[in-house]
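Chain and residue survey
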Amino acid sequence: MGQPVRDYLLTLCVTAAVTYLLTGPVRKFAIATGAMPEIRARDVHREPTPRLGGIAMFFGLCAGLLVADHLRNLNSVFELSNEPRALLSGAALIWLIGVLDDKFEIDALIKLGGQMIAAGVMVMQGLTILWLPIPGVGTVSLTQWQGTLLTVALVVITINAVNFVDGLDGLAAGMVCIASAAFFLYAYRMWFGYGIEAAAPATLFASVLMGMCLGFLPHNMHPARIFMGDSGSMLIGLVLAASAISVTGQVDPDALKLFEGSTRQATHAALPVFIPLLLPLTIIAIPVADLLLAIVRRTWKGKSPFAADRGHLHHRLLEIGHSHSRAVLIMYFWSALIAFGVVLYSVHSASMWIVFAIVVLSFVGLVLLLLPRFTPRAPRWAESFVPPRYRRRPRPAAAARSTAPGVPADPAPDPADAAAVGLDEERIPVPAGINGATAIGARSRFTDGRRAESLKG
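Residues numbered from 1 in each chain as written. Predicted model: local features only at pLDDT ≥ 70, side-chain atom pairs only at ≥ 80, totals over all residues. Heavy atoms only, no water.

Section: the overall build of the protein chain
- When helices and strands are counted, the protein chain shows 18 helices and 2 strands.
- Split into buried and exposed, the 457 residues of the protein chain put 47% on the buried side.
- Within the protein chain, residue pairs in contact and separated by at least 24 positions form 75% of the contacts whose partners lie at least 6 positions apart.
- Here the protein chain has roughly 23,000 Å² of accessible surface; of this, 66% comes from carbon and sulfur atoms. (Helix = DSSP H or I, 4+ residues; strand = E, 2+ residues; numbered from the N terminus. Buried < 20%, exposed > 50% of the residue type's maximum accessible area, 1.4 Å probe, protein only. Contact = heavy atoms within 4.5 Å. Areas by Shrake-Rupley, 256 points an atom, 1.4 Å probe, with all protein chains shown as cover.)

Things to note about the side chain of Q115
- Tracing the backbone through its elements, the reader meets Q115 in helix α5 (residues 108–124).
- The residues contacting Q115, other than those within four sequence positions of it, are I94, V156, I159, N160 and M234.

Topic: a nonpolar patch on the surface
- On the surface, W353, F356, V360, F363, V364, V367, L368 and L371 cluster together into a nonpolar patch covering about 800 Å² of accessible area.
- Relative to the helices and strands, V367 resides in helix α15 (residues 352–369). (Patch = residues over 30% accessible without salt bridge, like charges linked within 9 Å, V, L, I, M, F, W, Y side chains within 5 Å. Salt bridge = Lys/Arg side-chain N within 4 Å of Asp/Glu carboxyl O.)

Comments concerning the nonpolar core
- Judged by nonpolar contacts, the single largest core of 89 residues is most densely connected at L61, L204, L235, I236 and L238.
- Residues within four places of I236 in sequence aside, it is in contact with M57, V162, A172, V176, L209, M212, C213 and M228. (Core = buried A, V, L, I, M, F, W, Y, C linked by side-chain atoms within 4.5 Å.)

Digging into helix α1 (residues 5–33)
- Taking 1.5 Å of rise per residue, 29 residues should cover 42 Å, and α1 covers 41 Å from first to last C-alpha, within 8% of that figure.
- T23 marks where α1 bends most, by close to 35 degrees; the proline P25 follows one to four residues later.
- Those residues of α1 that sit buried are D7, Y8, T11, L12, T15, A16, T19, T23, V26, R27, A30 and I31.
- The inward-facing, buried residues of α1 abut α2 (54–69), α7 (171–193) and α8 (200–220). (Expected span 1.5 Å × (residues − 1). Bend = angle between axes of the 7 residues up to and from the residue.)

A closer look at the environment of F216
- By secondary structure assignment, the location of F216 is in helix α8.
- Taking the C-alpha atoms as reference, F216 lies 9.0 Å from G54; in sequence the two are 162 residues apart.
- In this view, F216 contacts T19, T23, G53, M57, I226, F227 and M228; residues no more than four positions away in its chain are not counted.

What to know about the packing of helix α4 (residues 83–104) against α5
- At a closest axis distance of 7 Å, the pairing of α4 and α5 adopts a crossing angle of 165 degrees. What the angle tells us is that α4 and α5 run roughly antiparallel. Of the two elements, α4 crosses α5, and the hand of that crossing is right-handed. Together, A86, L87, S89, G90, L93, I94, I97 and D101 of α4 and K111, G114, Q115, I117, A118, V121 and M122 of α5 make up the contact between the two elements. (Axes fitted to C-alpha atoms, helices over the stretch in contact; angles between N-to-C directions. Parallel < 35°, antiparallel > 145°, perpendicular 65-115°, else oblique. Left-handed = near helix turned anticlockwise from the far one by under 90°.)

Considering the packing of aromatic side chains
- Applying the stated criterion to the full structure yields 11 aromatic pairs.
- Centre to centre, the rings of Y8 and Y188 are 6.3 Å apart; their planes meet at 85 degrees, and the pair counts as edge-to-face. Of this pair, Y8 sits in helix α1 while Y188 sits in helix α7, placing them 180 residues apart in sequence. Each member of the pair, Y8 together with Y188, is buried.
- Centre to centre, the rings of F59 and W95 are 6.2 Å apart; their planes meet at 80 degrees, and the pair counts as edge-to-face. Of this pair, F59 sits in helix α2 while W95 sits in helix α4, and the two are 36 residues apart along the sequence. (Phe/Tyr/Trp six-rings, centres within 6.5 Å; stacked < 30°, edge-to-face > 60°.)

Describing the side chain of K111
- When you line up the elements, K111 lands in helix α5.
- Classification of K111 as buried rests on a relative accessible area of 14%.
- Setting aside anything within four residues of it in sequence, one finds K111 in contact with I97, D101, I106, N163 and D230.

Brief notes about the pattern of salt bridges
- For the coordinates displayed, the defined rule picks out 3 salt bridges.
- Among the ionic pairs, E105 bridges to R51, the shortest N-O distance being 2.9 Å. Of this pair, E105 sits in the loop between α4 and α5 while R51 is found in the loop between α1 and α2, placing the two residues 54 residues apart along the sequence.
- When its relative accessible area of 47% is taken as the criterion, E105 is described as partly exposed.
- In this structure R51 comes out as buried when scored by relative accessible area, which is 9%.
- Residues D101 and K111 are paired through a salt bridge, measuring 3.5 Å at the closest nitrogen-oxygen approach. Taken together, the residues span a long stretch of sequence, with D101 in helix α4 and K111 in helix α5 at a distance of 10 residues. With respect to burial, D101 and K111 carry one shared label: buried.
- Via salt bridges that share partners, D101, K111 and D230 belong to a single interconnected network.

Some points on α2
- Between the first and last C-alpha of α2 there are 23 Å, a value that for 16 residues agrees with the 22 Å anticipated at 1.5 Å per step.
- Buried within α2 we find G54, I55, A56, M57, F58, G60, L61, A63, G64, L65 and A68.

A short note on the environment of M331
- With respect to the secondary-structure elements, M331 resides in helix α14 (residues 324–347).
- Along the sequence, M331 and L171 sit 160 residues apart, while their C-alpha atoms lie 7.6 Å from each other.

Here's the deal with the packing of α5 against helix α6 (residues 144–165)
- Viewed as axis vectors pointing N to C, α5 and α6 meet at an angle of 130 degrees, and their least axial separation amounts to 9 Å. In terms of their interaxial angle, α5 and α6 are classed as oblique. In this structure, the crossing between α5 and α6 has a hand that is right-handed. Residue-level contacts link K111, L112, Q115, M116, A119, G120, M122 and V123 of α5 to T148, T151, V152, V155, V156, I159, N160 and N163 of α6.
- Grouping the constituent residues of the contact of α5 with α6 by class yields 9 nonpolar, 6 polar and 1 charged. (Nonpolar A, V, L, I, M, F, W, Y, C, P; charged D, E, K, R; others polar.)

The structure is reproduced here in structure tokens:
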């Protein structure tokens, strides 16, 4: 079989094009059906924004799989494996649950049950973990119940991790796109480099997932015109988990003949086989960390683990002083560093330059993370030559003395009023119908419809 890079690229482009072209009509459909919830206290956007972006992503997934089925180098994936059909069945179920949640706000426990059922549907059709390569032990075969429980757990954790990180415009789609790109390189190397046909479905899933995210990102970047909602975040989380399960469960390490020679040589040679155990966790390391911290934080406060709050990692980046775009880019940076670092280390595990580069880039990431804490302030005489963010803020007393003679100075702002207009948890929700839908016409500059009406009069 020749190199199917062009077929994968065509599949990716078709998936991205279908997702991109359908997102506009889906946005209008979401507005017409009222899938525009009120702004909650934990939200960072100011205006009601339509959801249901997962509808376009699901049809992009279907288009990508349909095109791949008719390509010469990829149709063997559908002939020799039932995994694409298993993925499509589970994706359809989780997508339907997400659409209903975007419109009617389904209870969290019902969604959790639906996620487990979707994972079970994939397991029944063969997309499951059959064995695990364990360093120092070798290949360990799993019983049917062990494989089922492990598969369901991985799917549920990945779905909720991606769902938790979906809090800023373009964040979840971008992070999953980076993760799927890293996983595509790994799975393609396993297939073409080692000649393992069982890695072909995972490679296809990763390329389709990249297309879904790339097609949706132009509509979802800040300021977002539409949100993917749970229908999109749970869908891409399930596809990402399916890619990892396909490689881990179907690739037999003994077929690679890596467990030969000394223990040290066998460990280094088998590292590409051990990576499926680590790569799904490293790819979603940041979302999983956010998930675990949220559970601990909410439980410590006596709240339900499913109770929403403003304590996620992206919320903390905004509180530090990062802008919306910079916070998203920082999360992109860390996701790419962890995912591609692990993949690169699996290829050249004996090279210390890779470890050194990862350490240096990690230091750069820490500097970028703490940058608002070290924002320099220009001297008074140079303030007219630098951007406003580097200028010193005038003191309240000085501002009062600078008023014109005869004009009373503005009273000092009340701290209670300042807190009321800030981005805190007590922000008054804005109904979805105020000033019309934000997706139609120009964006409103007001957060309260009564204020808009008073100025119109």
